Amino acid sequence: MKKERKFILVAGGVMSGVGKGITTASIGKILQDYGFKISTVKIDPYINYDAGTLRPTEHGEVFVTYDGGEIDQDLGNYERFLNKKISKDNNITTGKVYKTIIKKERAGEYLGKTVQFIPHVPEEIIRRINLVADKEDADIVVIELGGTIGDFENIPYLFAMKSLEKTFGKDSVTYVLVTYLPVLQNVGEMKTKPTQQSVRLLSQNGIYPDFIICRGREELDEPRKKKIEVYANIPTENVISAPDIKTIYRVPLNFEKEDLGKKILEKLNLKPLKKPERKFWIKAVNNIEKPKNKIKIAMVGKYVDIGKYSIADSYISIIEALKHASAKFNIGVEIEMIDSKLLEKNKSLNFNFDGILIPGGFGASGVEGKIKAIEYARKDKIPFLGLCYGLQLAVVEYSRNICNLKAHTTEINKKIPDSVIDVLPEQIEILKNNNYGATMRLGEYAAILKKGSIVYELYKTSSRLKKDKSEIESIAKSEQKFRLGKLKKDDIAILERHRHRYEVNPKYTETLEKHGLIFSGYHHRLDNIKLMEFIELPKEKHPFFVATQAHPEFKSTLLKPSPLFEGFVKACLRNKKN
Ligand code: GLN
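Computed from a predicted structure; not experimentally measured. (Residues numbered from 1 in each chain as written. Predicted model: local features only at pLDDT ≥ 70, side-chain atom pairs only at ≥ 80, totals over all residues. Heavy atoms only, no water.)

### Some points on the environment of asparagine 505
Line of reasoning, step 1. Residue position: asparagine 505 is located in the loop between β18 (502-504) and α20 (509-514).
Line of reasoning, step 2. Expressed as a C-alpha distance, the spacing of asparagine 505 and isoleucine 421, which sit 84 residues apart in the sequence, is 5.2 Å.
Line of reasoning, step 3. Among residues more than four places away in sequence, those in contact with asparagine 505 are Ser419, Val420, Ile421 and Asp422.
Line of reasoning, step 4. Only 2.9 Å separates the side chain of asparagine 505 from the backbone oxygen of serine 419, close enough to count as a polar contact. (Helix = DSSP H or I, 4+ residues; strand = E, 2+ residues; numbered from the N terminus. Contact = heavy atoms within 4.5 Å. Polar contact = N/O pair within 3.5 Å; in protein donor to acceptor, adjacent residues only side chain to side chain.)

Here it is as structure tokens:
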């Protein structure tokens, strides 16, 4: 373990949803720009083991890591900002902490001691934080504490931070409190009281914030900064104003206007290791804010049952991936969420969009509406991108309308004569036992692409191609997880993330191919089963009709957009009607 390791805790006051995740990602990004190796950790104090069984409309999207974790969407922001792969272990939940402790206790590893809330729970938390930091050889760990200061379930984590202070020294830990300053409509005045109260709540745990990030609709004015300074007993320059802005990617740049990076480093007794190079980041942010062209995309999904979170939160990675690709080409993207259930009732579709995207999904609700939208995109030659369920339903549509099959996915109809999308035998066994946690095809899988296809051409020019290829080769060599064969110089193998149970039924690929559907990439399992990863229609027949069984949105970052999303937005621009 590194002796000199530093820790930053980002906690939230006043209420949830104030932007702790973006603050954590931004601080990580800034310090990474100064040359440090950064680990980011998200703590979710709930008892669920992971986010896999949480409803996206209640908790936001379930993000999938390369190593198959189903985790909180904030980790997606860390990847998008830091441009690095983050493991499922970077998400610590109370469920995970307790599971380990109970397992250890049952195995007699506590050697007869009474296992207690203090010290054993904070000890396990610290073990997990350092495990992640060691694996990434981190200089600085930025830890986001979920929930709001004052929540009972946060207490062991605050204890853990105090204990880190004891082990590594006082100048090794910095506390950042993110709060919200409401403006009362009738008075028109920004209120600091809730911030003052959260400082007090934090101090009850022996923790005093070093920095307070003040979120609000507007910029924080000097009198209010002073008020917070006096109450929280921190210098005014450590009270950072963070008003609402157009794009989250502007946040690190705004923080840097107040020199937050250098101030944090100073508090941690560190000096910048290099001068930040932010040219590409600034260009991408400017492009998002001031696009030259505009495209309008229909995202046809299941938008019912909206709980605490907005629709956008359930599809955050797709929305961000569209933004990343558009930023690269200076295209502004307007996304309209269309409830597929409503489309089911329409006899014919005639909406004015430059592209249609069908995201991932589960279950029967609105499925026929999605299939109708796919048929419309195919026939009217509107650029189409299908993701996971989007691919499966595109295969169903093609099978029904072109191959004349009585087709469906067995997820919806188990008795359908042509089960073109079906579950794999091993999944049937798992489902028999009602085992729904972490039992899908999860995480990164390698796909070999068909030469000359649209998908092949898109990945060929992608900046991450080389890295993917060498990673795939080393996994193939060391773990024997899949077949790769000997890759020739111009063969392309790529890695994308997955989260699904159903697959294109191998029995139907030949028929579909005969009728003109191209399977442009597959995953080759050791048992010789080939799982179809990409489909497309020939360029001569359609401007852009591409779908993937994977979720490429999870790998897209601001500086390295997903090749498929790049292809899609470019096609939408070319296809633009007015
Ligand atoms: N419901 C489909 C399956 O489980 C697709 C899942 C998804 O789109 N993530 O295979």
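### Comments concerning a nonpolar patch on the surface
Line of reasoning, step 1. On the surface, Tyr98, Ile102, Phe117, Ile118 and Phe159 cluster together into a nonpolar patch covering about 440 Å² of accessible area.
Line of reasoning, step 2. Mapped onto the nonpolar patch, the elements with two or more residues apiece are α4 (94-106) and α5 (117-135).
Line of reasoning, step 3. Mapped onto the fold, isoleucine 118 is located in helix α5. (Patch = residues over 30% accessible without salt bridge, like charges linked within 9 Å, V, L, I, M, F, W, Y side chains within 5 Å. Areas by Shrake-Rupley, 256 points an atom, 1.4 Å probe, with all protein chains shown as cover. Salt bridge = Lys/Arg side-chain N within 4 Å of Asp/Glu carboxyl O.)

### Thoughts on the site of the ligand
Line of reasoning, step 1. By nearness alone, every residue bordering the ligand is listed as Gly360, Gly361, Phe362, Cys388, Tyr389, Gln392, Glu411, Arg499, His500, Arg501, Tyr502 and His551.
Line of reasoning, step 2. Here an oxygen atom of the ligand sits 3.1 Å away from a polar atom, N or O, in the main chain of tyrosine 389.
Line of reasoning, step 3. One nitrogen or oxygen atom from the side chain of histidine 551 is found 3.1 Å from a nitrogen atom belonging to the ligand.
Line of reasoning, step 4. Burial of the ligand by the surrounding chains reaches 98%, relative to a free accessible area of 300 Å². (Near = heavy atom within 4 Å.)

### Re the pattern of salt bridges
Line of reasoning, step 1. Tallied over the entire structure, the rule returns 42 salt bridges.
Line of reasoning, step 2. Its salt-bridge partner being lysine 555, residue aspartate 468 comes within 3.2 Å of it at the nearest N-O pair. Here aspartate 468 is found in helix α19 (residues 465-479), whereas its partner lysine 555 is found in the loop between β21 (545-548) and α21 (563-575), with 87 residues between them in sequence. The pair aspartate 468 / lysine 555 is uniform in exposure class, with both members buried.
Line of reasoning, step 3. Ionic contacts of the salt-bridge type, sharing partners, join the residues Lys85, Glu444, Lys467, Asp468, Glu471 and Lys555 into one network. (Buried < 20%, exposed > 50% of the residue type's maximum accessible area, 1.4 Å probe, protein only.)

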